[in-house]
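One letter stands for each residue in the lines below.
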Amino acid sequence: MARKPLIAGNWKMNNTIGEAVVLTQEISNRFEPDWSDTVDVALCPPFVDLKPAKTVLEFDKQHIAVGAQDVYWEEKGAYTGEISVGMLAEIGCAYCIVGHSERRGLFGETNEDVNKKAKALLAGHLAPIICVGESLAVRDEGTTDEFVCAQVRAAFAGIDENEAAKCVVAYEPIWAIGTGRTATPEQAQAVCAAIRETLKELYSQDTAEAMRILYGGSMNEGNAAILLAEPDIDGGLIGGASLKATSFIAIIEAALK
Ligand code: PEP
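A brief report on the enclosed structure follows. Computed from a prediction, not measured in an experiment: that's the story for all the values here.

### A look at the environment of P185
So, point 1. Structurally, P185 is set in helix α9 (residues 185–202).
So, point 2. Owing to a relative accessible area of 15%, P185 belongs among the buried residues under this scheme.
So, point 3. Separated by 48 residues in the primary sequence, P185 and I233 have C-alpha atoms spaced 9.1 Å apart.
So, point 4. Setting aside its immediate chain neighbours within four residues, P185 contacts I226, L227 and E230.

Below, the structure is given as structure tokens:
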């Protein structure tokens, strides 16, 4: 089944509002409007940059979405420092990353938290980009598929098939994030295929075949084409290379082919 690729830029904690406006404008200027027929693109800047980035894209009438990097599952209340789904929806976010390995590793986000965040996003009509991925220790032990597929099962617990179909899964081996060390296309494909198999077991062949599974981990303009050519890799979650318009656009162009 032909799935429309998604190229999502995870800016992490980079770019002030002024810098975000400049980068968004540079990306918008280079983005050919008809590319959006073939590829979905999302920018995931820090919370404070979401509205300015969205404003630039709306002004330019570009079909480039914005997404957040995290969310809290409660609707409102005494949760100092947190941001709700409703707040993201009001800005016009289409996506939100959940379970990024930096949030799991640095901020203690658990599989249960990821599941609650995904459910809250779906209830608010935002598409979760659910990140999963193994450490180098797990890979060296030879238990990558078991570890990653357990993360997938936990993230989707209690989510029904219709809702699951709206989710995106991002396979991001921790040892490849921000390290310049990319999974080989064969390694990335093997885990993405195992994830799709798990989605098939949880839901159905049709739903698993329709869902997008991204690869993330030092994807750049030099390696995007070979990774995106793999049958179960439906796009990329891009960190470092999303911070420069030329490299991000080159990755989008690789997804057009
Ligand atoms: C990420 O943070 O999701 C990521 C894949 O980062 P990088 O592309 O820099 O490895």
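Anyway, onward from the coordinates.
### Looking at the sheet that holds strand β1 (residues 6–10)
So, point 1. Spatially, β1-β2-β3-β4-β5-β6-β7-β8 is the arrangement adopted by the eight strands of the closed barrel, whose pairing is parallel. Neighbour to neighbour, the strand axes of the sheet diverge by 25 degrees on average, direction disregarded.
So, point 2. Two strands pair when backbone bridges link them, and strand β3 (residues 65–68) and strand β4 (residues 95–98) are joined in this way by two bridges, in the parallel orientation. Bridging from a neighbouring strand, G67 pairs with Y95 of β4.
So, point 3. Contacting β5 (127–132) and β6 (168–171), helix α7 (residues 144–155) runs over the sheet at an angle of about 150 degrees to β5.

### A short note on a negative patch on the surface
So, point 1. Residues E32, D34, D37 and E253 make up a contiguous surface patch of negative charge.
So, point 2. Relative to the elements of secondary structure, E253 occurs in helix α12 (residues 245–256).

### Here we look at the packing of aromatic side chains
So, point 1. If you walk through the whole model with that rule in mind, you get five aromatic pairs.
So, point 2. Here F31 and W35 contribute two aromatic rings whose centre-to-centre distance is 5.4 Å and whose plane-to-plane angle is 80 degrees, an arrangement assigned as edge-to-face.
So, point 3. Cluster of aromatic residues (ring-pair linked, three or more members): Y72, W73 and Y79.

### Details of α12
Residue pairs three or four apart in sequence face the same way in an α-helix, which turns once every 3.6 residues.
So, point 1. For α12, spanning twelve residues, the distance from its first C-alpha to its last is 17 Å, which sits close to the expected 16 Å at 1.5 Å a residue.
So, point 2. Residues of α12 that are buried include every one of A245, S247, F248, I249, I251, I252, A254 and A255, and no others.
So, point 3. In this fold, the buried residues of α12 make contact with β1, α1 (17–30), β2 (40–44), α11 (224–228) and β8 (235–238).

### Some points on the packing of α7 against α9
So, point 1. Interhelical geometry of α7 versus α9 gives an angle of 45 degrees and a closest axis separation of 10 Å. When the interaxial angle is binned, α7 and α9 end up oblique. Two packed elements cross with a definite hand, and for α7 against α9 that hand is right-handed. Between α7 and α9, the residues in contact are T144, D145, V148, C149, V152 and R153 and V191, A194, I195, T198, L199, E201 and L202, respectively.
So, point 2. Split by residue class, the contact of α7 with α9 holds eight nonpolar, two polar and three charged.

### Description of the site of the ligand
So, point 1. Lining the immediate environment of the ligand, one finds 14 residues, of which K12, H100, E172, G178 and S218 sit closest.
So, point 2. In this structure, K12 approaches the ligand through a side-chain N or O atom, which is 2.7 Å from an oxygen atom.
So, point 3. Contact distances for the ligand include 2.7 Å between an oxygen atom and a side-chain N or O atom of E172.
So, point 4. Burial of the ligand by the protein chains amounts to 96% of its free accessible area of 290 Å².
So, point 5. Split by residue class, the shell around the ligand holds four nonpolar, eight polar and two charged.

### Quick word on the pattern of salt bridges
So, point 1. For the coordinates displayed, the defined rule picks out 16 salt bridges.
So, point 2. Here D40 ties to K4 by a salt bridge, and the two come within 3.0 Å at their closest N and O atoms. Of this pair, D40 sits in strand β2 while K4 is found in the segment before β1, placing the two residues 36 residues apart along the sequence.
So, point 3. The partner of E109 in a salt bridge is R103, with the nearest N and O atoms 3.4 Å apart.
So, point 4. Given a relative accessible area of 7%, E109 falls into the buried group.
So, point 5. Within this structure, R3, R196, E209, D232 and D234 form a network of salt bridges that share partners.

What counts, and at which threshold
Residues numbered from 1 in each chain as written. Predicted model: local features only at pLDDT ≥ 70, side-chain atom pairs only at ≥ 80, totals over all residues. Heavy atoms only, no water. Helix = DSSP H or I, 4+ residues; strand = E, 2+ residues; numbered from the N terminus. Buried < 20%, exposed > 50% of the residue type's maximum accessible area, 1.4 Å probe, protein only. Contact = heavy atoms within 4.5 Å. Pairing = 2+ DSSP bridges. Axes fitted to C-alpha atoms, helices over the stretch in contact; angles between N-to-C directions. Patch = residues over 30% accessible without salt bridge, like charges linked within 9 Å, V, L, I, M, F, W, Y side chains within 5 Å. Areas by Shrake-Rupley, 256 points an atom, 1.4 Å probe, with all protein chains shown as cover. Salt bridge = Lys/Arg side-chain N within 4 Å of Asp/Glu carboxyl O. Lys, Arg positive; Asp, Glu negative; His and termini not counted. Charge placed at Lys NZ, Arg CZ, Asp CG, Glu CD. Phe/Tyr/Trp six-rings, centres within 6.5 Å; stacked < 30°, edge-to-face > 60°. Expected span 1.5 Å × (residues − 1). Parallel < 35°, antiparallel > 145°, perpendicular 65-115°, else oblique. Left-handed = near helix turned anticlockwise from the far one by under 90°. Nonpolar A, V, L, I, M, F, W, Y, C, P; charged D, E, K, R; others polar. Near = heavy atom within 4 Å. Polar contact = N/O pair within 3.5 Å; in protein donor to acceptor, adjacent residues only side chain to side chain.

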